Amino acid sequence: MDPCIFCRIAQGMEPSYPVFENKHVLAFLDNNPFTQGHTLVIPKRHYINMFDIDEEALEEVVSVVHLLVKRYEKIIGMSGVDILNLSGVDGQQTVYHFHIHIIPRFPADNLVSWIKSIPRVESDLKSTQKKLMSD
Ligand SMILES: [Zn+2]
(Lines give C-alpha, C1' and ligand atoms only; values in the text may rest on other atoms or scores of the structure.)
Protein backbone atom coordinates (compact mmCIF):
# COMPACT_ATOMS: atom_id res chain seq x y z
CA MET A 1 0.00 0.00 0.00
CA ASP A 2 1.25 3.48 -0.88
CA PRO A 3 2.44 5.08 2.35
CA CYS A 4 1.30 8.55 1.23
CA ILE A 5 -2.23 9.33 2.42
CA PHE A 6 -2.85 11.90 -0.34
CA CYS A 7 -1.68 9.46 -3.04
CA ARG A 8 -4.13 6.93 -1.61
CA ILE A 9 -6.91 9.55 -1.66
CA ALA A 10 -6.01 10.44 -5.28
CA GLN A 11 -6.23 6.75 -6.17
CA GLY A 12 -9.61 6.39 -4.46
CA MET A 13 -8.14 4.06 -1.84
CA GLU A 14 -9.04 6.31 1.11
CA PRO A 15 -12.35 8.00 1.80
CA SER A 16 -12.54 11.72 1.14
CA TYR A 17 -15.03 14.40 0.19
CA PRO A 18 -13.90 15.39 -3.33
CA VAL A 19 -15.22 18.67 -4.73
CA PHE A 20 -13.31 18.76 -8.04
CA GLU A 21 -11.26 16.41 -10.17
CA ASN A 22 -9.59 16.55 -13.56
CA LYS A 23 -6.83 14.49 -15.19
CA HIS A 24 -4.00 15.85 -13.04
CA VAL A 25 -5.58 17.54 -10.02
CA LEU A 26 -7.90 16.56 -7.15
CA ALA A 27 -9.57 18.87 -4.64
CA PHE A 28 -11.24 17.57 -1.50
CA LEU A 29 -12.49 18.91 1.82
CA ASP A 30 -9.98 19.15 4.65
CA ASN A 31 -10.85 16.64 7.39
CA ASN A 32 -10.10 19.28 10.03
CA PRO A 33 -11.63 22.43 8.51
CA PHE A 34 -10.69 25.91 9.71
CA THR A 35 -13.88 27.28 8.12
CA GLN A 36 -16.77 25.94 6.03
CA GLY A 37 -15.46 24.81 2.64
CA HIS A 38 -11.78 24.48 3.69
CA THR A 39 -10.37 22.57 0.73
CA LEU A 40 -7.08 20.92 -0.19
CA VAL A 41 -5.97 20.98 -3.82
CA ILE A 42 -3.33 18.40 -4.81
CA PRO A 43 -1.55 17.14 -7.90
CA LYS A 44 -2.48 13.47 -8.41
CA ARG A 45 1.18 12.73 -9.01
CA HIS A 46 3.30 12.67 -5.88
CA TYR A 47 5.42 15.74 -5.16
CA ILE A 48 6.68 16.43 -1.66
CA ASN A 49 6.26 20.19 -1.51
CA MET A 50 7.14 23.53 -3.13
CA PHE A 51 10.80 22.54 -3.27
CA ASP A 52 10.34 19.66 -5.70
CA ILE A 53 7.09 20.28 -7.60
CA ASP A 54 7.65 21.07 -11.28
CA GLU A 55 6.30 24.24 -12.85
CA GLU A 56 3.70 22.52 -15.02
CA ALA A 57 2.18 20.61 -12.09
CA LEU A 58 2.14 23.76 -9.97
CA GLU A 59 0.34 25.68 -12.71
CA GLU A 60 -2.28 22.94 -12.96
CA VAL A 61 -2.91 23.06 -9.21
CA VAL A 62 -3.02 26.87 -9.05
CA SER A 63 -5.43 26.95 -11.98
CA VAL A 64 -7.83 24.72 -10.03
CA VAL A 65 -7.36 26.85 -6.90
CA HIS A 66 -8.45 29.90 -8.92
CA LEU A 67 -11.42 28.08 -10.45
CA LEU A 68 -12.64 26.91 -7.03
CA VAL A 69 -12.20 30.32 -5.40
CA LYS A 70 -14.44 31.85 -8.04
CA ARG A 71 -16.93 28.98 -7.67
CA TYR A 72 -16.99 29.19 -3.86
CA GLU A 73 -17.53 32.94 -3.94
CA LYS A 74 -20.80 32.31 -5.77
CA ILE A 75 -21.89 29.15 -3.95
CA ILE A 76 -21.05 29.77 -0.30
CA GLY A 77 -20.75 33.53 -0.39
CA MET A 78 -17.32 33.79 1.16
CA SER A 79 -16.20 37.38 1.54
CA GLY A 80 -12.47 36.60 1.58
CA VAL A 81 -10.08 33.70 1.14
CA ASP A 82 -6.71 32.58 2.45
CA ILE A 83 -4.52 30.53 0.09
CA LEU A 84 -1.89 28.62 2.00
CA ASN A 85 0.95 26.22 1.26
CA LEU A 86 3.20 24.86 3.98
CA SER A 87 6.49 23.37 2.77
CA GLY A 88 9.17 21.63 4.81
CA VAL A 89 9.58 20.88 8.50
CA ASP A 90 10.12 24.52 9.43
CA GLY A 91 7.21 25.48 7.19
CA GLN A 92 5.04 23.32 9.50
CA GLN A 93 4.16 20.90 6.69
CA THR A 94 2.42 17.84 8.14
CA VAL A 95 1.47 15.77 5.06
CA TYR A 96 4.40 15.40 2.67
CA HIS A 97 2.44 15.48 -0.58
CA PHE A 98 2.21 18.95 -2.11
CA HIS A 99 -1.09 20.68 -1.34
CA ILE A 100 -2.60 24.12 -1.33
CA HIS A 101 -5.23 25.08 1.22
CA ILE A 102 -8.23 27.13 0.18
CA ILE A 103 -9.59 28.61 3.39
CA PRO A 104 -12.83 30.51 2.78
CA ARG A 105 -13.25 33.56 5.00
CA PHE A 106 -16.44 35.07 6.31
CA PRO A 107 -17.28 38.17 8.32
CA ALA A 108 -16.44 37.58 12.00
CA ASP A 109 -15.26 34.00 11.42
CA ASN A 110 -12.75 34.56 14.27
CA LEU A 111 -9.99 32.77 12.37
CA VAL A 112 -6.65 34.43 13.05
CA SER A 113 -4.42 33.94 10.04
CA TRP A 114 -1.95 36.79 10.36
CA ILE A 115 1.58 35.83 11.23
CA LYS A 116 3.41 38.24 13.53
CA SER A 117 6.12 40.13 11.65
CA ILE A 118 9.70 40.57 12.78
CA PRO A 119 10.92 44.14 13.45
CA ARG A 120 11.66 46.10 10.28
CA VAL A 121 15.36 46.99 9.88
CA GLU A 122 16.15 48.94 6.71
CA SER A 123 19.73 47.62 6.39
CA ASP A 124 18.48 44.04 6.74
CA LEU A 125 15.95 44.58 3.95
CA LYS A 126 18.69 45.93 1.69
CA SER A 127 21.13 43.10 2.39
CA THR A 128 18.36 40.50 2.06
CA GLN A 129 17.27 42.01 -1.24
CA LYS A 130 20.85 41.88 -2.52
CA LYS A 131 21.25 38.25 -1.42
CA LEU A 132 17.94 37.14 -2.95
CA MET A 133 18.67 38.77 -6.30
CA SER A 134 22.08 37.14 -6.76
CA ASP A 135 22.49 33.76 -8.38
ZN1 LIG B 1 1.64 11.33 -2.34
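First, a word on scope: everything that follows refers to the structure included in this document. (Residues numbered from 1 in each chain as written. Predicted model: local features only at pLDDT ≥ 70, side-chain atom pairs only at ≥ 80, totals over all residues. Heavy atoms only, no water.)

## Some words on the sheet that holds strand 3 (residues 39-43)
Stated formally: Paired strands are those between which DSSP finds at least two bridges. Counting from the N terminus, the helices are DSSP H or I runs at least four residues long and the strands are E runs at least two residues long. Axis angles are defined between N-to-C directions and span 0 to 180 degrees, where every axis is a line fitted to C-alpha atoms and, for a helix, only to the segment in contact.
With respect to topology, five strands assemble into an open sheet ordered 1-2-3-5-4, the strand pairing being antiparallel. On the outer flanks of this sheet lie strand 1 (18-21) and strand 4 (80-84), each paired with one strand and no other. Across the sheet, the mean angle separating the axes of adjacent strands is 20° when strand polarity is ignored. With five bridges joining them, strand 4 and strand 5 (residues 100-105) adopt antiparallel strand pairing. Bridging from a neighbouring strand, Asp-82 pairs with Ile-103 of strand 5.

## A short note on the packing of aromatic side chains
Selection rule: Pairing of aromatic side chains here covers Phe, Tyr and the six-membered ring of Trp, requires ring centres within 6.5 Å, and sorts the geometry by plane angle: under 30 degrees stacked, over 60 edge-to-face, intermediate tilted. In this scheme, a residue with accessible area under 20% of its type's maximum is buried, one over 50% is exposed, and one in between is partly exposed, where area comes from a 1.4 Å probe on protein chains only.
In total, this model carries one aromatic pair according to the counting rule given. For the ring pair Phe-6 and Phe-28, a centre distance of 5.4 Å and an interplane angle of 80° mean the geometry is edge-to-face. On the criterion of sequence distance, the pair formed by Phe-6 in helix 1 (residues 5-10) and Phe-28 in strand 2 (residues 25-29) is long-range, its members being 22 residues apart. Across the pair, Phe-28 and Phe-6 agree in class, each one buried.

## Side note on helix 2 (residues 55-75)
The test is simple: For a helix, the expected span equals 1.5 Å multiplied by the residue count minus one. The arc refers to the directions leading from the helix axis to the C-beta atoms.
Between its first and last C-alpha, helix 2 extends 30 Å over 21 residues, near the 30 Å set by a 1.5 Å rise per residue. All of the buried residues in helix 2 are Ala-57, Val-61, Val-64, Val-65, Leu-68, Val-69 and Tyr-72. For helix 2, the angular spread of buried residues about the axis comes to 145°, placing them on one side. Those residues of helix 2 that are exposed and angled more than 90 degrees off the buried face are Glu-55, Glu-56, Glu-73 and Lys-74.

## Considering the pattern of salt bridges
For clarity, the cut-off: Here a salt bridge means any side-chain nitrogen of Lys or Arg lying within 4 Å of a carboxyl oxygen belonging to Asp or Glu.
For the structure shown, the criterion picks out five salt bridges. Put simply, Arg-8 and Glu-14 hold a salt bridge, and the shortest N to O gap is 2.8 Å. A salt bridge links Arg-105 to Asp-109, with the nearest nitrogen and oxygen atoms 2.7 Å apart. Exposure remark for Arg-105: the relative accessible area of 14% places this residue in the buried category.

## A few points about the nonpolar core
Inclusion rule: Each nonpolar core is a collection of buried residues, namely Ala, Val, Leu, Ile, Met, Phe, Trp, Tyr and Cys, held together in the definition by side-chain atoms within 4.5 Å. Working rule for contacts: check all heavy atoms of both residues, and any pair within 4.5 Å makes them a contact.
Residues Val-41, Val-61, Val-64, Val-65, Leu-68, Phe-98 and Ile-102 are the most contacted members of the largest nonpolar core, which totals 17 residues. Listed by contribution, the elements that provide at least two residues to this core are strand 2, helix 2 and strand 5. Among the elements that take part in this core, helix 2 stands out by supplying seven residues, more than any other. Setting aside anything within four residues of it in sequence, one finds Phe-98 in contact with Val-41, Ile-42, Pro-43, Tyr-47, Ile-48, Asn-49, Met-50, Ile-53, Leu-58, Val-61 and Asn-85. Counting residues in each nonpolar core, the second largest holds nine residues, with Cys-4, Phe-28, Leu-40 and Ile-42 among its members.

## Digging into unusual backbone geometry
Its identity as a non-glycine residue notwithstanding, Ala-108 has a phi of 55°, on the positive side. In this structure, Ala-108 sits in the loop between strand 5 and helix 3 (122-132). The class for Ala-108 is exposed, based on a relative accessible area of 70%. One non-glycine residue, Asn-110, lies in the positive phi region at around 60°. Take Asn-110: it is sitting in the loop between strand 5 and helix 3.

None of the figures reported here should be taken as evidence of function without further support.
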